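An overview of the molecular structure
Read off the chains here:
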Amino acid sequence: MNAPLASSEAEHLQRAQRQAQVVAALTPVVPAHALLWHSEDVVPYECDGLTAYRQRPLLVALPETYEQVQAVLKTCHALGVPVVARGAGTGLSGGAMPNAMGVTLSLAKFNKILSIDPTSRTAVVQAGVRNLAISEAAAPYGLYYAPDPSSQIACTIGGNVAENSGGVHCLKYGLTVHNVLKVKGFTIEGDAIELGSDALDAPGYDLLSVFIGSEGMLAVTTEVTVKLVPKPQLARCIMASFDDLRKAGDAVAAVIAAGIIPAGLEMMDKPMTAAVEDFVHADYDLDAAAILLCESDGTPEEVAEEIEHMSAVLTAAGATKIAVSRDEAQRLKFWSGRKNAFPASGRISPDYMCMDSTIPRKRLADILQAIAEMEIKYGLKCLNVFHAGDGNLHPLILFDANDPDQLHRCELFGADILETSVAMGGTVTGEHGVGVEKLNSMCVQFSAEESEQMLGVKRAFDPQALLNPGKVIPTLNRCAEYGKMLVRGGKISHPDLPRF
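A brief look at the structure comes next. (Residues numbered from 1 in each chain as written. Predicted model: local features only at pLDDT ≥ 70, side-chain atom pairs only at ≥ 80, totals over all residues. Heavy atoms only, no water.)

Here we take up the overall build of the protein chain. A count of helices and strands for the protein chain gives 17 helices and 18 strands. A compact globule built from 500 residues would reach a C-alpha radius of gyration of about 23 Å, and the protein chain, at 23 Å, matches this within 12%. In terms of overall dimensions, the protein chain has C-alpha extents of about 85 × 60 × 40 Å along its principal axes. Counting all 500 residues of the protein chain, 53% fall into the buried class. (Helix = DSSP H or I, 4+ residues; strand = E, 2+ residues; numbered from the N terminus. Rg over C-alpha atoms; globule rule 2.2 N^0.38 Å. Buried < 20%, exposed > 50% of the residue type's maximum accessible area, 1.4 Å probe, protein only.)

Set out below in structure tokens:
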């Protein structure tokens, strides 16, 4: 009589059998070269920009036509196989981390700009088109696509739709949701859907706004119609230095209170400016406790007036130094530092975890003080960069993922930032999404009833919960366990997620 298999051996066998079944089912509908399942081939897909958690999928499908996307979804739905859609993998919350028993559906080959209409100021693009490529294609018409996340050179519009991405100019020009007119895609059953319209409004419920930011949980995006805006005649950027973090935070509120809506309003603390300056040499003031980058764009007359007004407000708020870009080259130099904050941090630390909470602008100084105290509490450094105009924080916690204790302390540090943000009247995410990273913190912000309402929307699109399962909306059991840990004075991390 054969001895029973150990649980790990049984799981390995079950996985191998399931993999063979899915490969056999997809082989007739997707070209052989577009299916990857050998271990060495799927390693590049095991995580997104949140590298602390990793999981290899059963297989990766890279369809080349809409019909193949539809066939993959229909097949997976029939087999009850989870599907995780993936763009460029630049996400920072684990939203594209694979499911161990599922298919990773890459939209990388859908990289065509289908049309640009300079009259209606729109572009129709496939989901795998890079964010920056849209502006490059629209440039000959004097137009561009406004949302500009720091990863815009690599991130795709499909991923931007999934996360409702923003960028340094989101204060004036809005997030992805404000710049998309229509989305086409497929449900998990393989049914074609079209949300929004080419007009300014669409009949019926505003499902487009529900869909944007849903993190791949409702349907798979294949095509997007975006708004384009005219390139301003002129743009100039102020770099304002402050000798105190609270003064810098108060200056942000003062600019908005003065009735000014800058094209960009960003803040960096001293450790971040030092890291960035060493990397890109943007001529940042290294003596300042914090700097603000405040941009004005429009006609030359509008810019001159707004720069003068902002400079006066910033000086009254305690700025110790004001530098205004002399020309376009210097303006881009100022912004190159901000847009390279993440790679600059990667140069000085083996790993970092980028958080993404949002707070009321008036609490910027308070959260910075709290983060400084957390650095001592958790024994880890944190570099701070903010979309200060709309209160979206991006603290970068530095750690070494090869040290399990550092990773654990980093998780606790991050959760503390998120939950402190909620206590200050903010939210656990601004533009990076929840993914797997913020599941526990969602338990703090939302009640069981609110989570159930969100799950109701999920079930309406995906009754079997096959699209990106186990992310974004925490289970009641998870929240109950997290609540018990908080009562005991501790915190749980992510014991169910594979790590380094």
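And the narrative resumes.
Our focus in this paragraph is the packing of helix H9 (residues 270-280) against helix H12 (residues 341-348). Look at H9 against H12: their axes get within 9 Å of each other, and the N-to-C directions meet at 90°. The angle between H9 and H12 falls in the class roughly perpendicular. Of H12, the residues touching H9 (which contributes Met 272, Ala 275, Val 276, Asp 278 and Phe 279) are Ala 341, Pro 343, Ala 344, Ser 345, Arg 347 and Ile 348. Classifying every residue of the contact of H9 with H12 by side-chain character gives eight nonpolar, one polar and two charged. (Axes fitted to C-alpha atoms, helices over the stretch in contact; angles between N-to-C directions. Parallel < 35°, antiparallel > 145°, perpendicular 65-115°, else oblique. Contact = heavy atoms within 4.5 Å. Nonpolar A, V, L, I, M, F, W, Y, C, P; charged D, E, K, R; others polar.)

The full count for this structure, using the stated rule, is four aromatic pairs. Ring centres 6.1 Å apart and planes at 50° place the aromatic pair Phe 342 and Tyr 352 in the tilted group. Of this pair, Phe 342 sits in helix H12 while Tyr 352 sits in strand E16 (residues 351-354), and the two are 10 residues apart along the sequence. The class for Tyr 352 is partly exposed, based on a relative accessible area of 26%. Taken together, a centroid distance of 5.4 Å and an interplanar angle of 25° make the contact between Tyr 378 and Phe 413 stacked. Note that Tyr 378 is positioned in helix H13 (residues 364-378) and Phe 413 in helix H14 (residues 404-423), a separation of 35 residues in sequence. The pair Tyr 378 / Phe 413 is uniform in exposure class, with both members buried. (Phe/Tyr/Trp six-rings, centres within 6.5 Å; stacked < 30°, edge-to-face > 60°.)

Judged by nonpolar contacts, the single largest core of 57 residues is most densely connected at Leu 292, Leu 314, Met 353 and Phe 413. Once residues within four sequence positions are removed from consideration, Leu 292 is found in contact with Ile 238, Met 239, Ala 240, Phe 242, Ala 248, Ala 251, Val 252, Glu 266, Met 267 and Leu 314. (Core = buried A, V, L, I, M, F, W, Y, C linked by side-chain atoms within 4.5 Å.)

Further remarks concern the side chain of Asp 356. Structurally, Asp 356 can be placed in the loop between E16 and H13. As a buried residue without a salt bridge, Asp 356 has its nearest oppositely charged side chain in Lys 438, at a separation of 4.1 Å. A distance of 2.6 Å separates a polar atom in the side chain of Asp 356 from the backbone nitrogen of His 432. In contact with Asp 356, not counting residues within four places along its chain, are Asn 392, Leu 393, His 394, Leu 418, Val 428, Thr 429, Gly 430, Glu 431, His 432, Gly 433 and Lys 438. (Lys, Arg positive; Asp, Glu negative; His and termini not counted. Salt bridge = Lys/Arg side-chain N within 4 Å of Asp/Glu carboxyl O. Polar contact = N/O pair within 3.5 Å; in protein donor to acceptor, adjacent residues only side chain to side chain.)

Residue placement: Gly 190 occurs in the loop between strand E8 (180-186) and strand E9 (192-196). For the pair Gly 190 and Arg 130, spaced 60 residues apart in the sequence, the C-alpha separation amounts to 25 Å. Excluding its chain neighbours within four sequence positions, the residues that come into contact with Gly 190 are Gln 70, Leu 73 and Lys 74.

Defined simply, a disulfide is a covalent bond joining two cysteines at their sulfur atoms. This model, assessed by the stated rule, comprises one disulfide. The residue that forms a disulfide with Cys 443 is Cys 479, at a sulfur-sulfur distance of 2.2 Å. Taking the torsion about the sulfur-sulfur bond, which here is approximately -80°, the covalent link between Cys 443 and Cys 479 counts as left-handed. In this pair, Cys 443 is assigned in helix H15 (residues 439-445) and Cys 479 in helix H17 (residues 476-487), connecting sequence segments 36 residues apart. The structure places no disulfide on Cys 170, whose sulfur is separated from the nearest cysteine sulfur, that of Cys 155, by 14 Å. (Disulfide = S-S within 2.5 Å.)

The strand order across the open sheet formed by seven strands is E15-E12-E14-E13-E17-E18-E16, and the pairing between neighbours is antiparallel. Edge positions in the open sheet fall to strand E15 (321-324) and E16, since each of these has one partner strand only. Within this sheet the neighbouring strands show an average axis-to-axis angle of 15°, counted without direction. Two strands pair when backbone bridges link them, and E16 and strand E18 (residues 392-399) are joined in this way by four bridges, in the antiparallel orientation. Note on E18: the bridge partner recorded for Met 353 is Ile 397. (Pairing = 2+ DSSP bridges.)

Attention now goes to the packing of helix H8 (residues 245-257) against helix H10 (residues 300-316). The interhelical angle for the contact between H8 and H10, taken along N-to-C directions, is 140°, at an axis separation of 9 Å. Relative to H10, the element H8 is oriented oblique. Where H8 crosses over H10, the two elements pack in a sense that is right-handed. Contacts between H8 and H10 pair Ala 251, Ala 254 and Val 255 from the former with Met 310, Val 313 and Leu 314 from the latter. (Left-handed = near helix turned anticlockwise from the far one by under 90°.)

Worth remembering: the numbers are spatial, not functional.
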